[in-house]
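Notes for the structure review
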Amino acid sequence: MTTADLLFALLGAVALAAAVLPRLLARQPLSLPLVFLALGAAVQLLPLPLPDIDPVADGVWVEHVAEICVVLSLMGAGLALNRPFGRATWQGVWRQLGITMPLTIAAAAALAWGLLDWPVAAALLLAAVLAPTDPVLASEVRVGEPTDAEHDEDEVRFTLTGEAGLNDGLAFPFVAAATALAAAGGQITGGGVGHWLLVDVLYKCTAGVAAGLAVGALLGRLFFRARWRAMRLSEHSEGFVALGVTFLAYGVTELVHGYGFLAVFVTACRIRSAERTHGYHGVLHDFVEQIERLLTAGLLFLAGAFVAQGGLGPLSWQGAAVGMMLLFVVRPLAGWVAQFGAATGPRERVVTAFFGIRGIGSLFYLAYALDSHDFGVPPEVLWAVVTFTVVASVVLHGVSATPVISRLDRLRLHRARTNGAGPDPHDHEVAGERL
């Protein structure tokens, strides 16, 4: 048996399992990522000639595979959101981005600096890497496929999906700050802060949003209102066009040194707004979701194998404590604080605050940062802490997502019926109930 033949067989099995398992697990308190994580660990324990998994030595391919997975998930999230963009309609998302994310980064950096005794640059890097949320790892807490109704999304799913769509891009300035600190030997200077604010925050964020709006507007017009029928791709139902949209938006934005993650999500939202009720959005979304599911399954399979190989060996109890405090204390408290005064009920606030899922974005950011600088902490230790946190999040949120969200759905349905919507209320009537 050769290693190459075994890898082909495993890849085929993973792809088939990614197609079958979602239906088998639909009502079970198990998420698809959790199952693949366990499968990766189980296969690694078998007496098979499997290659070693070393994210430090193989950081480049880890970075780019995770990068592709993230940009595809951002495209899928943007296409799935039915609710029109607006200051009031997206209030929950703005609160998560403007309050929860900065509080989480500050608290996580303080924990890494205090408990782990890491340099400031490394502590900030860990906080920035673990800042993005990732509902792709628990599909129950994100919105479903695109529909014609603009207000059939409950506040929990909408807020968590919108937050994940934007905070993957907004983590970049903090990663850049950590990188700049490492390059400057941990010294903060006025010139460095000014450059960070003007370039890494203002210019790159603006460029990402502007490029996303421009590409989205151009493609939206091309898809739905092009003069020549052959150019109106919405009439041909070719899902692979979603790959072209994703990579075009990402590549163009990166060429002008903007944040491509922001651009991809904005592009998807802009295309959606060009013809909100068209069925082509569903075609694009379904294709992206299939590719995203396949890549996610593969990455989580490898993560499980990495853990089984001893990837968490460098993890100290302090590192594990930082990860657990982020999941159980920091994110829930920051998410709760952000929602004071929001138009949601107490149960919805608790669930939104709790499901700050860490995942593929964290793996990308860590590989990206370690490729360019030394942060004064062994890379193996950084990988161990981040991997432990991601694995803990996959287990914790993967087990709890189905029962918790199902409970909320049942409560909304019951409340809609008792409030006069009738025995078979419409989706928007159910989604509008506050719990």
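The following refers to the structure shown.

How each quantity is defined
- Residues numbered from 1 in each chain as written.
- Predicted model: local features only at pLDDT ≥ 70, side-chain atom pairs only at ≥ 80, totals over all residues.
- Heavy atoms only, no water.
- Helix = DSSP H or I, 4+ residues; strand = E, 2+ residues; numbered from the N terminus.
- Rg over C-alpha atoms; globule rule 2.2 N^0.38 Å.
- Buried < 20%, exposed > 50% of the residue type's maximum accessible area, 1.4 Å probe, protein only.
- Areas by Shrake-Rupley, 256 points an atom, 1.4 Å probe, with all protein chains shown as cover.
- Lys, Arg positive; Asp, Glu negative; His and termini not counted.
- Charge placed at Lys NZ, Arg CZ, Asp CG, Glu CD.
- Contact = heavy atoms within 4.5 Å.
- Phe/Tyr/Trp six-rings, centres within 6.5 Å; stacked < 30°, edge-to-face > 60°.
- Lys NZ or Arg CZ within 6 Å of the ring centre and 35° of its normal.
- Salt bridge = Lys/Arg side-chain N within 4 Å of Asp/Glu carboxyl O.
- Axes fitted to C-alpha atoms, helices over the stretch in contact; angles between N-to-C directions.
- Parallel < 35°, antiparallel > 145°, perpendicular 65-115°, else oblique.
- Left-handed = near helix turned anticlockwise from the far one by under 90°.
- Nonpolar A, V, L, I, M, F, W, Y, C, P; charged D, E, K, R; others polar.
- Patch = residues over 30% accessible without salt bridge, like charges linked within 9 Å, V, L, I, M, F, W, Y side chains within 5 Å.

1. A short note on the overall build of the protein
In terms of helices and strands, the protein carries 16 helices and zero strands. By the compact-globule yardstick of 22 Å for 435 residues, the protein fits well, its C-alpha radius of gyration being 21 Å. In terms of principal-axis extent, the alpha carbons of the protein reach across some 60 × 60 × 50 Å. Within the span of the protein, comprising 435 residues, buried residues form 53% of the whole. Accessible area for the protein stands at about 18600 Å²; split by element, carbon and sulfur atoms hold 66% of it. Computing the positive centroid from 27 side-chain charges and the negative centroid from 35, the protein places the two 11 Å apart.

2. A word on the side chain of Thr352
For Thr352, the position within the fold is in helix 13 (residues 346–354). Owing to a relative accessible area of 3%, Thr352 belongs among the buried residues under this scheme. When near neighbours in sequence (up to four residues on either side) are disregarded, Thr352 contacts Gln96, Val156, Thr159, Leu160, Arg331 and Gln339.

3. Overview of the environment of Leu7
The topology assignment puts Leu7 in helix 1 (residues 3–24). Once the C-alpha coordinates of Leu7 and Pro51 are considered, the two residues, 44 residues apart in sequence, prove to be 9.2 Å apart.

4. A word on unusual backbone geometry
Unlike most non-glycine residues, Asp117 shows phi in positive territory, near 60°. Backbone geometry at His257 places phi at a positive 65°, although glycine is not the residue there. In this fold, His257 is placed in the loop between helix 9 (241–255) and helix 10 (260–274).

5. Some points on the packing of aromatic side chains
In this description, an aromatic ring pair is defined by two values, namely the gap between the centres and the angle between the planes. Summed over all chains, the structure comprises 20 aromatic pairs. Ring geometry for Trp90 against Phe158: centres 5.2 Å apart, planes inclined by 90°, an arrangement best described as edge-to-face. With Trp90 in the loop between helix 3 (59–80) and helix 4 (91–115) and Phe158 in helix 6 (residues 155–170), this residue pair connects regions lying 68 residues apart in the sequence. Here Trp90 matches Phe158 in class, with each residue buried. One aromatic cluster is present, built from ring pairs that chain together Phe172, Tyr250, Tyr259, Phe261, Phe364, Tyr365 and Tyr368. Against the face of Phe158 rests Arg83, its NZ or CZ located 3.9 Å from the ring centre.

6. Concerning the pattern of salt bridges
The tally for this structure, following the rule as stated, stands at eight salt bridges. Two residues, Arg331 and Glu163, come together in a salt bridge whose shortest N-O distance is 2.6 Å. With Arg331 in helix 12 (residues 317–338) and Glu163 in helix 6, the pair connects residues that are 168 residues apart, well separated along the chain. Notably, a salt bridge pairs Lys204 with Asp200, separated by 3.6 Å at the nearest N-O pair. Of the two residues, Lys204 and Asp200 both sit in helix 8 (residues 190–225), four residues apart, roughly one turn of that helix.

7. Some remarks on the packing of helix 3 against helix 14 (residues 360–370)
Contact pair helix 3 / helix 14: the axes reach a minimum separation of 8 Å and the direction vectors enclose 140°. If you check the angle between helix 3 and helix 14, you find them oblique. The hand of the helix 3/helix 14 crossing is left-handed. Contacts between helix 3 and helix 14 involve Gly59, Val62, Glu63, Ala66, Glu67, Cys69 and Val70 from the former and Ile360, Gly361, Phe364, Ala367 and Tyr368 from the latter. Residues of the contact of helix 3 with helix 14, tallied by class, amount to eight nonpolar, two polar and two charged.

8. Some thoughts on the environment of Val56
On the secondary structure map, Val56 appears in the loop between helix 2 (32–44) and helix 3. Along the chain, Val56 and Asp371 lie 315 residues apart, while their C-alpha atoms are 8.8 Å from each other. Not counting the four nearest positions on each side in its chain, Val56 is found in contact with Pro379, Glu380 and Trp383.

9. A closer look at a positive patch on the surface
Taken together, the side chains of Arg27, Arg347, Arg407, Arg410 and Arg415 define a basic patch exposed on the protein surface. Sort the elements by how many residues they give to the positive patch and helix 15 (residues 379–421) lands first, with three residues. Along the chain, Arg347 falls in helix 13.

Distances and angles like these do not, on their own, reveal function.
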